[in-house]
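Here is how the chains run, residue by residue.
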Amino acid sequence: MNVNRKVLTLDEFTIQQLRMFPNATGELSNLLRDMGLAAKRVNVEVNKAGLVDILGDAGTINVQGEDVKKLDIFANNQFMGVLRHGISCAGIGSEEMDEFVVFDDEISNNSKYVCLFDPLDGSGNIDVNVSIGTIFSVYRRVSERGKPCTKEDFLQPGRKQVAAGYIVYGSSTMMVYATRRGVNGFTLDPSIGEFTLSHPDIKCPESGKVYSVNHGNFFQYEDRVKAYIDACQKKNRDNGGPYTQRYIGSMVADVHRNLIKGGIFMYPTTIDKPKGKLRLLYECNPFAFIVEVAGGRATNGKQRILDIQPTELHQRSSLFIGSKNMMDELDTYLNQ
Ligand code: P6P
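Residues numbered from 1 in each chain as written. Predicted model: local features only at pLDDT ≥ 70, side-chain atom pairs only at ≥ 80, totals over all residues. Heavy atoms only, no water.

Participant: So what about the packing of aromatic side chains? Which residues, and what values?
Facilitator: Taken as a whole, this structure holds nine aromatic pairs when the rule is applied. Seen in terms of ring centroids, Phe13 and Tyr177 are 6.5 Å apart; in terms of plane orientation they differ by 70 degrees. Their pairing is edge-to-face. Taken together, the residues Phe13 in helix H1 (residues 10-19) and Tyr177 in strand E6 (residues 173-179) connect sequence positions 164 residues apart. As far as burial versus exposure is concerned, Phe13 and Tyr177 are alike and both buried. On the numbers, 6.0 Å between centres and 45 degrees between planes, the contact of Phe79 with Phe117 is tilted. With Phe79 in helix H4 (residues 71-84) and Phe117 in strand E3 (residues 113-121), the pair connects residues that are 38 residues apart, well separated along the chain. Looking at Phe79, the relative accessible area reads 0%, which means it is buried. A residue is classified by how much of its surface remains accessible, and Phe117, at 0% relative accessible area, is buried. A network of ring pairs unites the aromatic residues Phe13, Tyr177 and Phe186 as a single cluster. (Phe/Tyr/Trp six-rings, centres within 6.5 Å; stacked < 30°, edge-to-face > 60°. Helix = DSSP H or I, 4+ residues; strand = E, 2+ residues; numbered from the N terminus. Buried < 20%, exposed > 50% of the residue type's maximum accessible area, 1.4 Å probe, protein only.)

Written out as structure tokens, the structure is:
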């Protein structure tokens with residue numbers, strides 16, 4: 001009998017990776033598999049989001065007699081739940097929760113990692129069927145194991161991440177994660193309910209033809225940013241311009257496309273948002289880690305995102321991220 005053994009599931013892949021590190025405890029592999037489990041549960045609800053409106057809005061009782069929760073809260077509870085009941089995570093920080101959550105039980109206090117996540121980014125797009133996503137970031141804790149994790153565990157610079165990833169709930173559902181060994185993409189196969197390795201060893205093309213920015217904010221950007229956006233629209237022998245503008249308004253979908261095909265995504269500071277809109281700890285840092293491992297670059301316009309020393313859980317940052325050559329070209333405008 002010819003058994004198809006070519007396609008690796010997420011579980012098989014993480015176990016295979018574990019074998020390469022005989023001294024590894026398996027905690028990170030467990031954490032990544034837990035994220036995949038929560039993602040499958042969220043995917044079920046996201047895929048029927050439209051139906052929830054028919055069956056009743058958030059806060060009501062659905063036909064099964066269950067409380068219908070906002071999808072953001074539902075997603076938050078799924079990711080927090082698998083991490084709290086797993087063996088790998090001492091606590092979490094979430095876009096949906098004001099403060100860090102310290103799990104503070106015997107197993108969690110002995111866990112190696114802490115995790116930060118945006119459980120459902122771009123959820124405003126659900127009602128119009130636009131792709132949305134989950135973003136997560138994993139750090140080795142710096143506090144003493146055996147005790148509850150502390151705030152310092154979460155406020156490490158992004159270069160200290162041991163893993164980062166995202167799930168994009170789109171035309172298909174994909175989980176992409178990076179460790180220092182590389183970036184790998186897994187597509188959910190609904191016929192077996194498993195994430196399967198579809199995009200091994202993802203590399204961000206050094207150049208691209210796509211620039212992603214909200215043109216509606218154009219007159220709020222600083223002049224050097226406006227000059228670069230103008231250049232993206234002009235024929236330019238050096239960079240093969242003009243580029244194509246693609247902006248979905250859902251960071252996970254926009255950055256995922258540019259990671260695979262090449263391109264640059266920008267969310268600069270504006271007059272209304274002088275510190276930027278995107279969150280450093282669970283939006284900018286994880287994507288900066290993933291894109292850098294894949295060969296791209298990520299800055300706040302002044303410094304490498306991964307070198308920023310965080311001071312608070314929900315702090316914001318501007319973000320410029322994508323193909324190396326496009327980021328280098330951007331620097332020639334921003335450093336003027
Ligand atoms: P704007 C979604 O609300 C989000 O946080 C990101 O996913 C997205 O890239 C950005 O905001 C879009 O913001 O101001 O362009 O609508």
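There is more to say, and it comes next.
Participant: Describe helix H10 (residues 324-334), and please don't skip the residues or the numbers.
Facilitator: Along H10, the residues classified as buried are Met326, Met327, Glu329, Leu330, Asp331, Tyr333 and Leu334. Those residues of H10 that are buried lie in contact with strand E9 (210-212), helix H7 (223-232), strand E11 (264-267), strand E13 (297-299) and strand E15 (319-322). (Contact = heavy atoms within 4.5 Å.)

Participant: Help me get a handle on the site of the ligand, residues and values and all.
Facilitator: Inspection of the region around the ligand gives Asp121, Gly122, Asn214, Tyr247, Gly249, Ser250, Met251, Phe265, Tyr267, Lys277, Leu278 and Glu283 as its neighbouring residues. One of the side-chain nitrogen or oxygen atoms of Asn214 is found 2.9 Å away from an oxygen atom of the ligand. The contact in question runs from an oxygen atom of the ligand to an N or O atom on the side chain of Tyr247, over 2.5 Å. For the shell around the ligand, the residue count by class is five nonpolar, four polar and three charged. (Near = heavy atom within 4 Å. Polar contact = N/O pair within 3.5 Å; in protein donor to acceptor, adjacent residues only side chain to side chain. Nonpolar A, V, L, I, M, F, W, Y, C, P; charged D, E, K, R; others polar.)

Participant: How would you sum up the sheet that holds strand E5 (residues 161-169)? Please name residues and give values.
Facilitator: An order of E2-E1-E3-E4-E5-E6-E7-E8 is seen for the eight strands of this open sheet, with the pairing classed as mixed. At either end of the open sheet lies a strand with only one pairing partner, and these are strand E2 (101-102) and strand E8 (194-199). When strand E1 (residues 89-94) meets E2, the two strands line up antiparallel, connected through two bridges. In the sheet register, Gly91 faces E2, and the bridge partner there is Val102. Across the face of the sheet, helix H2 (residues 27-47) comes into contact with E1, E3, strand E4 (132-140), E5, E6, strand E7 (182-189) and E8 while running at roughly 15 degrees to E5. Sheet strands in contact with H4 are E1, E2, E3, E4 and E5, and its direction is about 160 degrees off that of E3. (Pairing = 2+ DSSP bridges. Axes fitted to C-alpha atoms, helices over the stretch in contact; angles between N-to-C directions.)

Participant: An account of the sheet that holds E9 is requested, with residue identities and associated values reported.
Facilitator: If you walk across this open sheet you meet the five strands as E10-E9-E11-E15-E13, and the pairing is mixed. Looking at the sheet topology across the chains shown, the edges are occupied by strand E10 (244-245) and E13. Pairing of E11 with E15 involves four bridges; the strand directions are antiparallel. Within E15, the position partnered with Tyr267 by the bridge is Leu319. Contacts from H7 reach E9, E11 and E15, with the element oriented near 150 degrees to E11. The sheet contacts of helix H9 (residues 280-293) involve E13 and E15, and relative to E15 the element is tilted by about 25 degrees.

Participant: Describe the domain arrangement of the chain, and please don't skip the residues or the numbers.
Facilitator: When the domains of the chain are assigned, the result is domain 1 (10-199) and domain 2 (210-334). For domain 1 versus domain 2, the separation of C-alpha centres amounts to 24 Å. The interface of domain 1 with domain 2 comprises 44 residues on the first partner and 29 residues on the second. Taken together, both faces of the contact between domain 1 and domain 2 bury some 2600 Å²; the carbon and sulfur share is 68%. On the domain 1 side of the contact with domain 2, Ile135, Leu155 and Tyr166 bury the most area, a combined 23% of that side's loss. Where domain 1 meets domain 2, there are one salt bridge. Residues Asp307 and Arg159 are paired through a salt bridge, measuring 3.2 Å at the closest nitrogen-oxygen approach. For the interface between domain 1 and domain 2, the tally reads ten residue pairs in polar contact (both at pLDDT 80 or more). (Domains from an automatic or database assignment. Buried area = accessible area lost by both parts, 1.4 Å probe. Salt bridge = Lys/Arg side-chain N within 4 Å of Asp/Glu carboxyl O.)

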